[in-house]
Amino acid sequence: MTHSPAGHACHTVLRAMLVLLSGVLGSTFTSAETFVLPPPDQDVVGEVRITRARQADTLLDIARAFNLGYEEIVRANPGVDRWLPGPGTDVILPNLLILPDAPRDGIVLNVPEMRLYYYPKPAQGETPVVITHPVSVGRMDWKTPLGKTSVIQKQADPPWYPPASIKAEHAANGDILPDVVPGGPDNPLGRFALRLGIPGYLIHGTNKEYGIGMQVTHGCVRLYPEDIERLYELVPVGTPVYIINQPVKIGRHFDGLYVEAHPAMSELADTDTNQQAISLLNIAASAEQLRAEIIPSAVQLALQQSDGIPLRISN
């Protein structure tokens, strides 16, 4: 993939802006994936940081260390070699996020963002938080379904019963799958699974960690092994799950308006053009509600880059 000089220049300016913004928002940060929940009229959490690659690091290694997915870190670092960034190379860590436009309740999975948000119910006197993790979602021909469901079962070391469609796909490539793969470290479902009310769909771990943050599944939702283990411990049966399609998120931070854009998944919308038109209408409505003056060039830049990094679009 190539990038124009103008694109690199925009990204250099954006990098400087993000470092400044991260200092403003840093107080909301508690760990790599847990953030203090802002008030209902605020939507931005986290911070953008910069780390330096070491000799043997790949972008995938850095992504996992900082609870990011493959596409997230690649899009945030155009021009950086994903397999060999090189020692001393600055790598942007896009842990600055706009919360999805969805109930702050249970699990929210934003499919085009390839990120899961969990809002645990705080005990009396506890500070409300949101826990977020990168995920893998369904391929174009095996899309992850949208809608509201719930966690109906939790299972440690789940066995995998490959459905006929997946067995046929593997058989076409000379890979004959058994009727059942017993639970354990070599199981494609990983060590822990949350079964959803949508028949056949799970939130689960994986034995292929470097696929996290990509469209690689048969519709299920995969997490890093350490992330699903934590969720498994925290999430009770009955937790609501909202699976949504929001490639463009709009968020308020104090008196400013921000946009976080991701590439739309064409299989989840009529056309990318329609999705962008909807996004522009939503941005205009949010600006009117906040009585903010939109900067058209900033909106255009955010939608054009679709790098998943929130950008201020109002004066």
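Residues numbered from 1 in each chain as written. Predicted model: local features only at pLDDT ≥ 70, side-chain atom pairs only at ≥ 80, totals over all residues. Heavy atoms only, no water.

What follows deals with the overall build of the protein chain. Counting its secondary structure elements, the protein chain contains seven helices and 16 strands. The burial tally for the protein chain puts 48% of its 315 residues in the buried class. Within the protein chain, contacts between residues at least 6 apart in sequence are counted, and of these 68% link residues at least 24 apart. Carbon and sulfur atoms make up 56% of the accessible area of the protein chain, which amounts to about 14,800 Å² in all. (Helix = DSSP H or I, 4+ residues; strand = E, 2+ residues; numbered from the N terminus. Buried < 20%, exposed > 50% of the residue type's maximum accessible area, 1.4 Å probe, protein only. Contact = heavy atoms within 4.5 Å. Areas by Shrake-Rupley, 256 points an atom, 1.4 Å probe, with all protein chains shown as cover.)

Our focus in this paragraph is the pattern of salt bridges. Taken as a whole and judged by the stated rule, the model has 13 salt bridges. A salt bridge links Asp105 to Lys121; its shortest N-O distance comes to 3.5 Å. Separated by 16 residues along the polypeptide, Asp105 in the loop between strand E3 (90-98) and strand E4 (106-110) and Lys121 in the loop between strand E5 (115-119) and strand E6 (129-134) bring together distant segments of the chain. When the shortest N-O distance is used, the salt bridge between Arg191 and Asp157 registers 2.3 Å. Taken together, the positions of Arg191 in the loop between helix H4 (164-172) and strand E9 (192-196) and Asp157 in the loop between strand E8 (147-156) and H4 put the pair 34 residues apart, joining distant regions of the chain. Given the relative accessible area of 41%, Arg191 is considered partly exposed. When salt bridges with common partners are traced through the structure, they connect Asp43, Arg104 and Arg252 into a single cluster. (Salt bridge = Lys/Arg side-chain N within 4 Å of Asp/Glu carboxyl O.)

Turning our attention to the sheet that holds strand E13 (residues 240-244). Taken in spatial order, the nine strands make up an open sheet running E1-E6-E5-E4-E13-E8-E9-E10-E12, and their pairing is mixed. Sheet topology places strand E1 (34-36) and strand E12 (221-222) at the edges, where each strand pairs with a single neighbour. Both E5 and E6 contribute to a ladder of four bridges, which runs antiparallel. The residue bridging Tyr118 from the neighbouring strand is Ile131, located in E6. (Pairing = 2+ DSSP bridges.)

Now for the nonpolar core. If you look at the biggest cluster of nonpolar residues, it comprises 23 residues, and the most contacted ones within it are Ile107, Leu116, Val135, Leu194 and Ile203. Elements with a minimum of two residues in this core: E4, E5, E9, helix H5 (225-234) and E13. Beyond its immediate sequence surroundings of up to four residues, Leu194 is in contact with Ile107, Val151, Gln153, Lys154, Leu202, Ile203, Ile228, Tyr232 and Val235. Counting 14 residues, the second largest nonpolar core, distinct from the first, contains Ile62, Leu68, Tyr70 and Val80. (Core = buried A, V, L, I, M, F, W, Y, C linked by side-chain atoms within 4.5 Å.)

Another point: the packing of aromatic side chains. Inspection of every chain in the model, using the stated rule, returns one aromatic pair. Pairing Phe192 with Tyr232 gives two aromatic rings, centres 4.8 Å apart and planes at 45 degrees, and the pair type is tilted. Here Phe192, found in strand E9, pairs with Tyr232, found in helix H5; they are 40 residues apart in sequence, far enough to count as distant. Residue Phe192 shares its accessibility class with Tyr232, and that shared class is buried. Sitting above the plane of the Tyr232 ring, Lys154 keeps its charged end 4.9 Å from the centroid. (Phe/Tyr/Trp six-rings, centres within 6.5 Å; stacked < 30°, edge-to-face > 60°. Lys NZ or Arg CZ within 6 Å of the ring centre and 35° of its normal.)

What follows deals with the environment of Gly213. Mapped onto the elements, Gly213 comes out in the loop between strand E10 (202-204) and strand E11 (215-217). Judged by its relative accessible area of 3%, Gly213 is buried. Sequence separation of Gly213 and Gly69 is 144 residues, and the distance between their C-alpha atoms is 3.9 Å. The contact partners of Gly213, leaving out residues within four places of it in the chain, are Gly69, Tyr70, Glu71, Met114, Val135 and Ser136.

Of note in this structure, Asp157 is not a glycine but carries a positive phi near 45 degrees. Unusually for a residue other than glycine, Ser306 sits at a positive phi of about 40 degrees. Mapping Ser306 onto the fold places it in the loop between helix H7 (296-305) and strand E16 (311-312). Given the relative accessible area of 13%, Ser306 is considered buried.

With that settled, the discussion passes to the UniProt feature "active site" (unreviewed entry) in the protein chain. According to UniProt, the feature "active site" (unreviewed entry) maps to His204 and Cys220 in the numbering used here. Across 17 residues in sequence, these annotated residues keep their C-alpha atoms within 7.7 Å of one another, forming a single compact spot. Position of His204 among the secondary structure elements: in strand E10. The class for His204 is buried, based on a relative accessible area of 4%. Among all residues touching His204, those that are not within four sequence positions of it are Pro188, Leu189, Phe192, Ala193, Cys220, Val221, Arg222, Leu223 and Ile228. Here Cys220 is to be found in the loop between E11 and E12. Classification of Cys220 by relative accessible area gives buried; the value is 14%. (UniProt positions renumbered as here; feature names shortened; annotations may be inferred.)

Taken together, the three strands give an open sheet; going across it, the order is E14-E15-E16, and neighbouring strands pair in antiparallel fashion. Edge strands, defined here as strands with exactly one partner in the open sheet, are strand E14 (248-253) and E16. Pairing analysis gives two bridges linking strand E15 (residues 256-261) to E16, with the strands arranged antiparallel. Opposite Val259, over in E16, you have Leu311 as the bridge partner.

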